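Take a look at the letters that make up each chain.
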Amino acid sequence: MGYRLIIFDFDGTLADSADWFRGVFNDVALRYGFRAVSAEELESLRGQDSRAIIARLGVPMWKMPFIASHMRKLLARDAHRIPLFPGVEAMLEQLQARGLTLAVVSSNSEENVRRVLGPVMSARIRHYACGAGIFGKRAKFRKVLKAAGVRPAEALSVGDEVRDIEAAAAEGIATAAVTWGYATEELLRSRAPTLVFTRLEDLLLAAG
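Owing to the predicted nature of the structure, the values given are computational and were not obtained by experimental measurement. (Residues numbered from 1 in each chain as written. Predicted model: local features only at pLDDT ≥ 70, side-chain atom pairs only at ≥ 80, totals over all residues. Heavy atoms only, no water.)

## Details of the pattern of salt bridges
Move 1: This model, assessed by the stated rule, comprises 19 salt bridges.
Move 2: A salt bridge links Asp-78 to Arg-81, with the shortest nitrogen-to-oxygen separation between them at 3.5 Å.
Move 3: On the basis of relative accessibility, which here comes to 5%, the residue Asp-78 falls in the buried class.
Move 4: A salt bridge links Asp-164 to Lys-137; the shortest N-O distance between them is 2.5 Å. A residue pair is termed long-range when its members are at least 10 positions apart, and Asp-164 in helix α8 (residues 162-170) and Lys-137 in helix α7 (residues 137-148) qualify at 27 residues.
Move 5: Taking relative accessible area as the criterion, Asp-164 reaches 3% and is therefore assigned buried. (Salt bridge = Lys/Arg side-chain N within 4 Å of Asp/Glu carboxyl O. Buried < 20%, exposed > 50% of the residue type's maximum accessible area, 1.4 Å probe, protein only. Helix = DSSP H or I, 4+ residues; strand = E, 2+ residues; numbered from the N terminus.)

Take a look at the structure:
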C-alpha cells in the first residue's frame, strides 16, 4: 500500500498490559477520588470511547494529567511484569527488514516503552513520541512525520483505541485498529478505520 512509516501505539497494541491495568485501576480510583468499578463493569468500558469512560467514572478533566503521571510511575515500577503480545518481536524484525521506518506514539513514557521492549526491540524503533496527554496524540503524530521526513499518505498508524484513530486521521494518516487491545472490535469499526487487524500477521500483509 506504499507505506514507508508505521507508527505504533504501545499499551494494548504492542504490550499486553491489560491485566496489569485491571490490577491497579481501583487503587488509582481511590487515590484520585473517582469511582471504583467491578471486573464486569471494567470489561464493559471497553465498548466506550475515552470521553464516555471519563464521564461515566466522574473523573474531572483537570485530574487527568496527574492520573496519567501516576500511572506511568506505577508502570515503571512494574515494567518487568508487562509482556509483549506473542509475535511482536518477530513482526518488528520483519517490518524493519523490509526497510520500513518504525515509530511509537504513546501516552506512556519513553523510558517505560523502552524497558518493556528491551534493548533489541527498542533499537528497531526509529522515532519515539511519548508522554502524550489522553487527547494529545495528534501533535505527537505530526512530530513523528516531520522527524521521519514522511508525508501523511505514506504513514500508517496502528492502535487499539478510538483516540488513536481520531488523532491519526486528523493528520491525514491511514489508520489500522487492532482488536486484541483495550477497545472492542465493534467500537473500533464504528469509527471507520482504514484497516482492522485481528492478528499480527494482518499487519505484515498490509505492509507488503
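We are not done yet, so read on.
## Describing the layout of surface pockets
Move 1: Put simply, the largest pocket is a space of about 1200 Å³.
Move 2: As for the largest pocket, its lining consists of 46 residues, of which Phe-21, Met-71, Glu-161, Arg-163 and Tyr-182 are closest to the centre.
Move 3: Residue assignment for the lining of the largest pocket shows that the elements contributing at least two residues are α1 (18-32), α3 (50-57), α4 (64-78) and α8.
Move 4: Here the residues of the lining of the largest pocket sort into 26 nonpolar, nine polar and eleven charged. (1 Å grid on protein atoms, 1.4 Å probe; cavity = no way out; pocket = protein on both sides within 12 Å on 5 of 7 lines; lining within 4 Å. Points joined across faces, edges and corners; volume = space filled by probe spheres on them. Nonpolar A, V, L, I, M, F, W, Y, C, P; charged D, E, K, R; others polar.)

## Thoughts on unusual backbone geometry
Glycine aside, residues mostly have negative phi, and peptide bonds are mostly found in the trans state.
Move 1: Non-glycine residue Ala-192 carries a positive phi angle of around 55°.
Move 2: Looking at the element boundaries, Ala-192 is found in the loop between α9 (185-190) and β6 (195-197).

## Examining the packing of aromatic side chains
Move 1: This structure, assessed with the given rule, holds five aromatic pairs.
Move 2: Where Phe-21 meets Phe-25, the ring centres are 5.5 Å apart and the plane angle is 65°; that geometry is what we call edge-to-face. Remark: Phe-25 and Phe-21 occur in helix α1; sequence separation between them is four residues, near one turn of the helix.
Move 3: Take Phe-25: its relative accessible area is 9%, and that puts it in the buried class.
Move 4: Seen from their ring centres, Phe-85 and Trp-180 are 6.4 Å apart, and the 65° between their planes marks the pair as edge-to-face. On the criterion of sequence distance, the pair formed by Phe-85 in the loop between α4 and α5 (88-97) and Trp-180 in the loop between β5 (174-178) and α9 is long-range, its members being 95 residues apart.
Move 5: Note on Phe-85: relative accessible area 12%, which makes it buried. (Phe/Tyr/Trp six-rings, centres within 6.5 Å; stacked < 30°, edge-to-face > 60°.)

## A word on the environment of Leu-145
Move 1: On the secondary structure map, Leu-145 appears in helix α7.
Move 2: Spatially, the C-alpha atoms of Leu-145 and Trp-180 are 26 Å apart, while their sequence positions differ by 35 residues.
Move 3: In contact with Leu-145, other than residues within four places in its own chain, are Leu-5, Val-150, Arg-151, Pro-152, Ala-155 and Ile-173. (Contact = heavy atoms within 4.5 Å.)

## Digging into the packing of α7 against α8
Helices that pack against each other are described as a pair by the angle of their axes relative to one another and the distance between those axes.
Move 1: Two elements in contact, α7 and α8, have axes whose closest approach is 8 Å; the angle formed by their N-to-C orientations is 50°. Taken together, α7 and α8 sit at an angle that is classed as oblique. The hand of the α7/α8 crossing is right-handed. The segment α7 lies against α8, with Lys-137, Arg-138 and Phe-141 engaging Arg-163, Asp-164, Ala-167, Ala-168 and Ala-170.
Move 2: Along the lines of polarity and charge, the residues of the contact of α7 with α8 split into four nonpolar, no polar and four charged. (Axes fitted to C-alpha atoms, helices over the stretch in contact; angles between N-to-C directions. Parallel < 35°, antiparallel > 145°, perpendicular 65-115°, else oblique. Left-handed = near helix turned anticlockwise from the far one by under 90°.)

## Some remarks on the environment of Gly-149
Move 1: Along the chain, Gly-149 falls in the loop between α7 and β4 (155-159).
Move 2: Residues Gly-149 and Pro-60 lie 89 residues apart in sequence; the distance between their C-alpha atoms is 38 Å.

## Brief notes about the sheet that holds strand β3 (residues 127-129)
Move 1: What the six strands build is an open sheet, ordered β3-β2-β1-β4-β5-β6; its pairing is parallel. Since the sheet does not close on itself, it has two edges, and those belong to β3 and β6, each with one partner. Within this sheet the neighbouring strands show an average axis-to-axis angle of 20°, counted without direction.
Move 2: Two elements, strand β1 (residues 5-8) and β4, share four bridges in a ladder whose sense is parallel. When the sheet's bridge partners are listed, Phe-8 is paired in β4 with Val-158.
Move 3: Contacts from helix α6 (residues 110-124) reach β2 (101-105) and β3 within the one sheet, and its direction differs from that of β3 by about 170°.
Move 4: Against the sheet, α7 touches β1, β2, β3 and β4, its axis set at about 160° to β3. (Pairing = 2+ DSSP bridges.)

No statement about biological role is implied by the geometric values presented.
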